[in-house]
Amino acid sequence: MSSLKSFFLNLNLFSPKPDNLEQETVEQRRWNLIGTRIYILLLILILISIGLALSLISQTIKIVIDNPTKEQIDKLPSNAKCLCSQILIPYRKFTSVEVKLHSICTSDFITDQWINAIYYGYYTTLFYFGDFRTYGSAQFQSLAGFCRLSKSNINQNIDLFYSKTLLSSEVLSKNVLQPQTKSSFEQFQSIASNTFKNQLKLIIYMIIANGLISGLQTNSFFQIDTDNQNRLGINNVIILIKQDDGSVCNCQLDICNKSLSGIYNIFNAPTPLRMGNLVFEIPGMSSSCLPVTSILGSTLECFYNSTCISHLLSFFLTNEYFQSLPIYNQSIYNPQSTIQSIVDNLMIENWTIDISYEKYYSECSPLSCIYFKTSRYDIEFILKTLISSFASLILILGLIIPICITFMQQIKDRRPKPKIPLSLRLYQLKILIKRQLFELNLFKHYPSSDQQIRYQRYATRLYLFCTIISFIILAFYIFTIKTIQSKTIINPTESQYIELENEHFQSLSCPCSSISMLYLDFFTIYPQYHQVCSSDIISDEWFEYLHHSVRNRLFIMDYRSSAAGQFKFLSILCEQSQRMINDALQLFLQTRFLTLQVISQRSFQIQIDSVFQDWKLTTIKTFLTTIHLFQEVVQSNRLINIFNFGMDIDSTTGDVLLTIFENSNCSCLLSSKCYSSTNIYHYDQFSNKFTVIYTVPNFFLGCFQITSLLLSTLECFYDISCMLQIDAYIDSTKAFNFSPLDPNLSLANETVDDLVNKLMVNEWLSNISFTLYYKTCAPLSCTYQYEGRNNLLVIFTIILGIFSGLSLGMKLLIVIALQFIDKIIANGVHTRILLRLIQYIFSCNTEHQIIHRLHFIFVITTLTILYYFSGFTPSIKIIQIDKPTLSTYKQLVEQSFDSFHCTCSQISIKHHVFLNITPRFHSICSSYFTSDEWISYLYGDSNPIFSYHRNDFLQSANDQFRILATLCRLSQETVTNTLLQLGSSDFIDTELLSFDSLNERIEKKTMIDFERTMPKLFVNTLLLIREILGPNMILSTAFTNWGYFVQNNVDSYPRALRIISWEYNGCDCEVSSKCVSPSRGMLAGLITTIVGTVDDQIRLTILFNLLIKTFSQFLDGFAWIIGNIGALSTCIVFQQVAFRKSPCAIYFIASNFSQLFIFNFATFIRMIQYGYGVSVNSVPSWFCKIRFYIYYVSMASARYNIIFASSDRFFSSSQKANLRQWSSSKIALRLVIINAIIWIFFYIQVLVTYDVRHNKCRIQSTSFFTYFNYFITFENGLFPIIPMSIFGLLTLHNIHQSKRRVRTTESVTGSENININLASTKETQLHKMLINQVIVYLIFNIPLPVYGIYRSYINIVTLSGWRAVRDTFMNNLFYDMIYLGYALTFPIFILTSDIFRRELKQIIQKKLVQPCQRFVTHAN
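Residues numbered from 1 in each chain as written. Predicted model: local features only at pLDDT ≥ 70, side-chain atom pairs only at ≥ 80, totals over all residues. Heavy atoms only, no water.

Novice: Would you explain the overall build of the protein chain in this entry?
Specialist: When you go through the protein chain residue by residue, the secondary structure sums to 43 helices and 34 strands. When each of the 1420 residues of the protein chain is scored for burial, the buried share is 44%. Nonlocal contacts in the protein chain, meaning residues at least 24 apart in sequence, comprise 78% of its contacts between residues at least 6 apart. When the accessible surface of the protein chain is summed, it comes to about 77,300 Å², and 59% of that surface belongs to carbon and sulfur atoms. (Helix = DSSP H or I, 4+ residues; strand = E, 2+ residues; numbered from the N terminus. Buried < 20%, exposed > 50% of the residue type's maximum accessible area, 1.4 Å probe, protein only. Contact = heavy atoms within 4.5 Å. Areas by Shrake-Rupley, 256 points an atom, 1.4 Å probe, with all protein chains shown as cover.)

Right under this line is the structure:
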C-alpha cells in the first residue's frame, strides 16, 4: 500500500526525455508533478462529467418489430405505425353483406296465385279505366317485378362493393376500420339506389313521352266514331284524369297518379271513360295512366288489413285466402309508405354489414411496426462513449497542460527581464526559426550518433517535403472536384416547392405525408347547363299555354298535338341529366386521388384534366345507354304509339285497316328513325282532309317522339318571329309571354341529340387548385440533388483523414529506410548483412524494441482479426439503383436477390397505359343472321304481320333477328364503354410487380371482377326496361300480345275498340309478359328455306357446316378405329421371327407406335369436337399443353421413321457393299432412339407457348404463332415429301437394276438357293409395302401444306359467313386426310405382302382362335 502511494506521489508524466541535455530542476519537477496530478484529476472529472451527462440526457429511440402479431400491435403505443404488406384490400376479403327486403317481396301478393286471383281475364278491359279490376293484376305484376329488380340490383351492387378496395398503407385499428368501412358502404349504397331511381324515372317518362299505348286502355284507347257525314272512323283518344286535388292531368304529358282506386259499378260501357258509382274505395291504392305509375303512387295500407283484403276479394271470382302483411315495429316503413319511397330504396328494409377485423388483419399482414420511445442512454452506450473519448482527452490534455505549466512558471518568475528592441526580437525569432528548422528531427531516438542525427534530419526534410507536396495536391484536387450533393428542405412551402421544381425538376422528390386524398379536397366542378334547361319552353306556363290551344279536330301529326309531349320529354332530359350529373359528381368527388409524392403543377393539371375527361365520357355513355337501350327495345318489339300506328275502317267492307307510319320509303316496322317535318294542318270538314299550312323549321315527328326530338333542332325557338307565327295558329287561351332562346349563348342549329350527347351541358366549369392539393399532400420534406463542391468543414475533415493515414505510412517507410541506411553504412552491403538487417528489424533485445515490436504486432493482429470478422460475417448490403431501366430490372430479377424491391415513383397508374383488352363476341354477332340483308329478306315484299299467323315463325322472325342484332350492337357498345371505364380506373401498388405477379393480379382479380360485374350492368338495365314495359301492357303493332275486337250490331257511337290479350300455351299475356310457345311451322319453314328459298350464302353456310359434322363423324371415326387396330396389329406382326431382324421392321414398329398417340390425341379429339359438338377446349392448362406436345412429337416421330425406312430400302437394295452396310438393325435402333429424343426436346416449346384462354387451347403469342405455322407447314408437309420421293425413286431404280443382273447359281447349293430366294422374297415384299405406304403418304399429305401456303396469302381473319365456314371445312378435310393416310397403313400391308398376311393369320390363329377352342372344349 505504501509503495502504491509512493508511486502516485512520484508519478511524473511530463519529465524530460532521456536525450534532453537539460537537467530537470527541483522547481521544474515540482511543477511537473503538479501538472501530472491536475492532468489525472481533470481526466477523471471530465470522464465522470461525460458519464453523468449521458446518463441524465433523454434520447428518442426508433424501435422496429418485424412481422408483429395482432396481440403485439394491441400493446403498442398510439404513435406506432404498422405498414401493411399490401395497401389495397378488397372489401370482399373482410366484409359480408346481408340484405332484408320489404315484407311485400316475400308475401302472397307477388305470387302468381294472387295475380291470377285478381285477374278478370277476357272482361278486364270492360270496366272503367280507373277500376281496380282493370289494372290491379298489372299493378302487382309490376310490384313483383320491382322485387326481382331489387334483388338483381342488390346482388350487382354487392358484387361491385366487394370488388372495391380499402386503401390503407398502415394497419387500421378496429375503432377506425369499422366506421370507415361503413361510411364507404353507405356512400356506395346511396349511389346505387339513386342510379336505380333515376333510371326508373327516365324510363317511365320515355314511355309517356313516346305516347306508348297500354292494352288496358288506361292512358289511351282507339275509339270508333262517325264524322259529320256519318262515316265510321277510328280515332285515338288520350285520357285526361281528374285527380284528387281537382286538377286535370294529361296522360300524354305526365304520370297522373294522384287519383283514388276502387271498384265501380259499371261494366261493358261504350268507352272506358264511363265512370259509374264508386262501390268500394281501396285505402292507399291509386289509379293512373299506367299500372306501374299507379302502383308507385300507392301505399299497401289495405294489404296490412285482412278485412280490407277480404272485402276486395269479394269482387273477384275466387275463394282463396291470402295472408296480410305483417307490421314490424322496427321497420323503417309504415303502412302509409308509398311504393315509390320503397322502390327508391331498392325495396330494402335494412342492410347488415359484418366487418371481420381478424380477416382484415390477415389480409393486411403487416411486415413491421415502427414507433419511437424516449429513454435515457444505457450503461453500455455510456461505457463505449467514455472509452472512445479517453484517447482524445489524453491527447488534448497532454498538449494543453505543459503549455499551461510553462505559462504558470513564467507568471511565477518575478525576475526582471531586459527590454529588447522589436527589430532585435524579430532577428532573434528569425535565427530561432532557422535553427529550429535546421535542427528539426522528427525521427530522433536515443541514443543516436551524429551521423544518425544527420540522416534523421535528411529524412525529416524529405518527409516534410513529400507531406507538403501531397497535402497541396490533395487539397487542390478536393477543392476543385465537384460531387453529387443532396439537400433536404424540411416542411417546404408551396412557393419553395415551385422554385425547387424550376431549378431541380429532374431530381426533386417531395414525398406526401398523405398518399391519398379526395378529389373534393382540391377539385370543384360546375356544369353550366344549356339554356334550354332554364328556358320558358319547358316551364309549366309553356305546357299550360300549349294545353289551352284550340283543338277542334287536329291531325295526329299536327304540331299542336305533338309539341307538348316533345317539350315534356325535353324537360325530362334536362331534369334527368342534372340528376345523373349530381350523383356521378358526388361519387367522383368522393373518389380518392393517389399520389406518392408531389407532382409538378403542369403534370397535375394534365393528369386531373385527363381524369375529368374520362369521367365525363363515362357519365355520358352511362346516360345514353339507358336511352338507346330503351329505344331499341321499344322499336324491336314494335310497340304502338299514337304516331307510328293508326287504324281506320274500310267504308266498303267495314273491315279494320291497319296503317304503319311510312315516309320516303322508310317504314316504322323496319326502322325507328323514320321521320317527317312537323307541320300545322288545316282540316276541311267537307273533304275530310288535312292540308299543311305551316312547317316548323327542322322540328320533326316520326315513329317515336324520342327519336324525332333527338333529330330536331330548336332553331325556331331562337327566333321570336317564328314563335309568334306558331302562336297565331295555336290561338291559345293563355297569353303568349315567352322569351326565345339566346343565339349568343348556344348554336341554334344544334340538334337535341347533340345536346343529349353532352348531357345537356353547354360548358363545364372546373377549378383545379394546386394550392389545395399541395396543402392536402403536405410534404414533410423535399430532397434534391445537385452537382457542387463540398463545404469547408467536409473538405477539412477529408483532408485531415487522408493526411493522417498518409503521414503515418510515410513515417513508417522512412523509419525502416533509416534503419536500413544506418546498418548499411555501419556494415556495408552484403547478402548476409542484409539478412542480419532484416533479422535486426524484428529482434527484441532492448525494452524499447520490445515495446515497438509488440505495438506493431498488436496493430497487425487487430487489423487482421477485424478484416476476417468483417469478411466472413454475413451482413445486409443495401444497394440502391436510381431510375433503373426495364433491362436493368430484368437483370436484377434474374440475379434472384434475397430481398428485392423496386418502389414506384407513382402508386397509381391508369389501366389503359399498360392493359389492352380485346373482347371476342359470340359468332352470331358477326354472322349473316344479324345483317340488314338477312332481316330485310325475312321481312319480304310485304308486311309479315298481314301475311302470317301470330304463331308463325315468319310473322315474328324479322323482329326476332332484329332484336338479336340490336342486342349484339348494344352489348358491343356496353363492353366498349365498360372497357373505357376500366381503362380510366387506377391500378394501385407501391412496388413494381414482376411480369408473372402483374399477369396473375390482372387475370385473377381485375378481369374476374370485370367479367363478373360488366354483364350485370347491361342485363339489369335491360331487365328494368322489360319489367316496366311488361306490366304496363304496351301494345305491339305485331299484335303478338294483344288483339283487337270489333263489336258488330252497335247502335250508338262513339264506342271503344275492344282490346283482348292473347294466350300462349295457357299463359295469358295480360298476366305475364314472358308467355311463349313454339313458332308453328318454324321447322317446316326452315327446311323450305334450306332447300330452295334462301339465298346462296345461307345455303352454302348450312351445307359446309353439315359436311364438317358428317366428315368428322364418319371419316375421323373410321380412321380412329382402323388406325388403332392396324397400328397394334402391325407392331405385333413385325415382332415375329420373319421380320424381327429386318431394320425396316424396326422403323415400321416405331412409326406405328407413334401413330397410336396420333389416333388418340388428335383424331379422336377432332371427331368428338366437330362431329359430336363436345367442348374439348374447356380443359385445364396442363392438359392442353400435354395434348399438343404429345401430338406434335408423335407426328414428327412417325413421319421421320417412314423417311428412315425409305432410306433403309435404298441402302439394302443397292449394288454397292459400302451402302448396304447402312441397312442394319443396330443403326435402325439408334436412329429411332435419336429421332425420338430430338423431337421430345425440340417440341418442349409447345409446353411453354400453348395455354388455355377464352376456352381456346392455342399459342398465345401472335408472333410465335405465325412462326410456328410456317415451321409446321414446312416440316410437316413440304420437307418429308422430298426425301421420301428421292429414296422411293432410287429404291425402284435399284430393284429394276437387280432384275436385269445375271445371277450365277452354279456354286450355290440347293438349300442355300432356297434361303436366298426366301430372303429375296421378304425383301421384295418389304420394298412393296414401303413404296405403297410412301405413295399413300404423299397423296394424303401434299394437300395440307399446299392449302397452308394458300391461307398464308389470304387474310383468313377477315373471312366471314359461308367463306369462313368453307375455310374451316377445307382445313378439317385436309387434316382428316393425313389421319386417314396413317390409318390405311395396315390395309396396305395386308394387300401387298403375302408374308405379312401369313404372319397375321398365324397370330390370330394362335392367340385368339386356339384359346377360344380350348375354352369351349374345356367348358363342354
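Next comes the rest of the write-up.
Novice: I tried to follow the pattern of salt bridges on my own but got confused; where do I start?
Specialist: When the charged atoms of two side chains with opposite charge come close together, those side chains can pair. Counting across every chain of the model gives 7 salt bridges. The partner of Glu 575 in a salt bridge is Lys 201, with the nearest N and O atoms 2.7 Å apart. Of this pair, Glu 575 sits in helix 16 (residues 559–589) while Lys 201 sits in helix 6 (residues 174–209), and the two are 374 residues apart along the sequence. Classification of Lys 201 by relative accessible area gives partly exposed; the value is 25%. Across the salt bridge formed by Glu 575 and Arg 579, the nearest N and O atoms sit 3.5 Å from each other. In this pair, Glu 575 and Arg 579 both sit in helix 16, 4 residues apart, roughly one turn of the helix. Here Glu 575 falls in the partly exposed class, since its relative accessible area comes to 27%. Salt bridges sharing partners connect three or more residues here, namely Lys 201, Glu 575 and Arg 579. (Salt bridge = Lys/Arg side-chain N within 4 Å of Asp/Glu carboxyl O.)

Novice: Can you help me understand the state of the cysteines in this one?
Specialist: Disulfide: a covalent bond connecting the sulfur atoms of a pair of cysteines. The full count for this structure, using the stated rule, is 12 disulfides. Note that Cys 249 is cross-linked by a disulfide to Cys 256, the S-S spacing being 1.7 Å. Residues Cys 249 and Cys 256 are joined through a disulfide that is left-handed, its torsion about the S-S bond being -75°. Of the two residues, Cys 249 and Cys 256, both sit in the buried class. Looking at Cys 1069, it has no disulfide partner, and the nearest cysteine sulfur is the one in Cys 1075, 4.8 Å off. Judged by its relative accessible area of 10%, Cys 1069 falls in the buried class. (Disulfide = S-S within 2.5 Å.)

Novice: Would you explain a nonpolar patch on the surface in this entry?
Specialist: Together, Leu 1229, Ile 1233, Ile 1237, Ile 1240, Phe 1241, Ile 1244 and Val 1248 make up an exposed nonpolar region whose accessible area comes to about 670 Å². Secondary-structure elements contributing two or more residues to the nonpolar patch are helix 36 (1225–1242) and helix 37 (1244–1249). If you trace the backbone, Ile 1233 turns up in helix 36. Taking the relative accessible area as the measure of exposure, Ile 1233 reaches 46% and is therefore partly exposed. (Patch = residues over 30% accessible without salt bridge, like charges linked within 9 Å, V, L, I, M, F, W, Y side chains within 5 Å.)

Novice: Please explain the confidence of the model for the protein chain as it appears in this structure.
Specialist: When pLDDT is low, close inspection of the predicted coordinates is not appropriate. For the protein chain, per-residue confidence averages 77 on the pLDDT scale, and 80% of positions sit at 70 or higher. Within the protein chain, helix 30 (residues 1082–1093) has the poorest average pLDDT of any element, 30, and helix 8 (residues 306–313) the best, 92. Note that residues 1080–1095 has pLDDT below 50 and, in this model, 16 contacts with residues that lie over four places away or in other chains. Under a pLDDT of 50 for its full length, residues 1302–1319 has, in the predicted model, 4 contacts with residues more than four places off or in other chains. (pLDDT = per-residue confidence, 0-100.)

Novice: Help me understand unusual backbone geometry, please; the structure alone is not making it clear to me.
Specialist: Comment: phi is negative for the bulk of residues other than glycine, and the bulk of peptide bonds are trans. Despite not being glycine, Leu 759 shows a phi value in the positive range, around 60°. Structurally, Leu 759 is set in the loop between helix 20 (752–756) and strand 24 (761–768). Accessibility expressed as a relative area gives 1% for Leu 759, which makes it buried. Phi is positive for Met 1033, close to 55°, though the residue is something other than glycine. Here Met 1033 lies in the loop between helix 29 (995–1029) and strand 28 (1042–1045).

Novice: Got a minute to help me understand the packing of helix 27 (residues 932–939) against helix 28 (residues 953–984) in this structure?
Specialist: Packed helices, taken two at a time, are described by their axes: the angle between them and the distance between them. At their nearest, the axes of helix 27 and helix 28 sit 8 Å apart, and the two run at 165° to each other. By the angle between their directions, the pair helix 27 and helix 28 is classed as roughly antiparallel. The two elements helix 27 and helix 28 meet at a crossing, and its hand is left-handed. Here helix 27 contributes Trp 934, Ile 935, Leu 938 and Tyr 939 to the contact with helix 28, which in turn contributes Ala 957, Asn 958, Phe 961, Arg 962 and Ala 965. (Axes fitted to C-alpha atoms, helices over the stretch in contact; angles between N-to-C directions. Parallel < 35°, antiparallel > 145°, perpendicular 65-115°, else oblique. Left-handed = near helix turned anticlockwise from the far one by under 90°.)

Novice: Would you mind showing me how to read the sheet that holds strand 6 (residues 220–226) here?
Specialist: Overall, antiparallel pairing links the 3 strands, which are arranged 7-6-29 in an open sheet. Each of the sheet's edge strands pairs with one partner strand only, and the pair in question is strand 7 (232–238) and strand 29 (1055–1056). The pairing of strand 6 with strand 29 spans 2 bridges and is antiparallel. Its bridge partner lying in strand 29, Ile 224 is registered against Arg 1055. (Pairing = 2+ DSSP bridges.)

Novice: Just checking my understanding: could you explain the nonpolar core for this structure?
Specialist: Grouped burial of nonpolar side chains is what soluble globular proteins tend to show. Residues Trp 114, Phe 303, Tyr 360, Trp 542, Tyr 559 and Phe 567 are the most contacted members of the largest nonpolar core, which totals 224 residues. Considering each element in turn, this core owes the most residues, 15 residues, to helix 16. Sequence-distant contacts of Tyr 559, that is, excluding residues within four places in its chain, are made with Trp 542, Phe 567, Thr 678, Asn 679, Ile 680, Val 696, Phe 699, Phe 717, Ile 726 and Ile 730. (Core = buried A, V, L, I, M, F, W, Y, C linked by side-chain atoms within 4.5 Å.)

Novice: For this particular structure, what's the right way to read the packing of aromatic side chains?
Specialist: Any pair of aromatic rings gets described here by the distance separating the centres and the angle formed by the planes. For the coordinates displayed, the defined rule picks out 71 aromatic pairs. Taken together, a centroid distance of 5.8 Å and an interplanar angle of 15° make the contact between Phe 612 and Trp 615 stacked. Pair noted here: Phe 612 and Trp 615 are both in helix 17 (residues 601–636), with a separation of 3 residues, about one helical turn. Grouping residues by exposure puts Phe 612 and Trp 615 together as buried. Across the ring face of Tyr 328, the terminal group of Lys 100 is positioned such that the distance to the ring centre comes to 4.8 Å. (Phe/Tyr/Trp six-rings, centres within 6.5 Å; stacked < 30°, edge-to-face > 60°. Lys NZ or Arg CZ within 6 Å of the ring centre and 35° of its normal.)

Novice: Help me out: how do you make sense of the side chain of Gln 1245 in this one?
Specialist: Turning to its location among the elements, Gln 1245 is positioned in helix 37. We classify Gln 1245 as buried; its relative accessible area is 17%. Here the side chain of Gln 1245 touches Phe 1242 through a polar contact of 3.2 Å, landing on its backbone oxygen. Not counting residues up to four positions away in its chain, the partners in contact with Gln 1245 are Phe 1264, Tyr 1267 and Phe 1268. (Polar contact = N/O pair within 3.5 Å; in protein donor to acceptor, adjacent residues only side chain to side chain.)

Novice: Which parts of the structure should I look at to understand helix 42 (residues 1385–1392)?
Specialist: Two residues of an α-helix separated by three or four positions point the same way, owing to the 3.6 residues in each turn. Taken residue by residue, helix 42 has Thr 1385, Phe 1386, Ile 1388 and Phe 1389 as its buried positions. The buried residues of helix 42 occupy an angular sector of 160° when projected down its axis, which confines them to one face. (Arc of directions from axis to C-beta.)

Novice: Would you explain the environment of Ile 608 in this entry?
Specialist: Within the secondary structure layout, Ile 608 lies in helix 17. Assessed through its relative accessible area of 0%, Ile 608 is described here as buried. Put simply, Ile 608 and Ile 768 are 160 residues apart on the chain and 7.7 Å apart in space, counted from C-alpha to C-alpha. Excluding residues that lie within four positions of it along the chain, Ile 608 makes contacts with Tyr 519, Phe 522, Phe 523, Phe 593 and Ile 768.

Novice: Whenever I open this one, the environment of Arg 461 confuses me. Can you help?
Specialist: Take Arg 461: it is sitting in helix 13 (residues 450–480). When the C-alpha atoms of Arg 461 and Phe 438 are compared, they prove to be 9.2 Å apart, with 23 residues separating the residues in sequence.

Novice: Got a minute to help me understand the environment of Leu 915 in this structure?
Specialist: Its location among the elements puts Leu 915 in the loop between helix 26 (911–914) and helix 27. Between the C-alpha atoms of Leu 915 and Ile 1002, which are 87 residues apart in sequence, the distance is 8.8 Å. Beyond its immediate chain neighbours, meaning those up to four positions away, Leu 915 contacts Leu 982 and Ile 1002.

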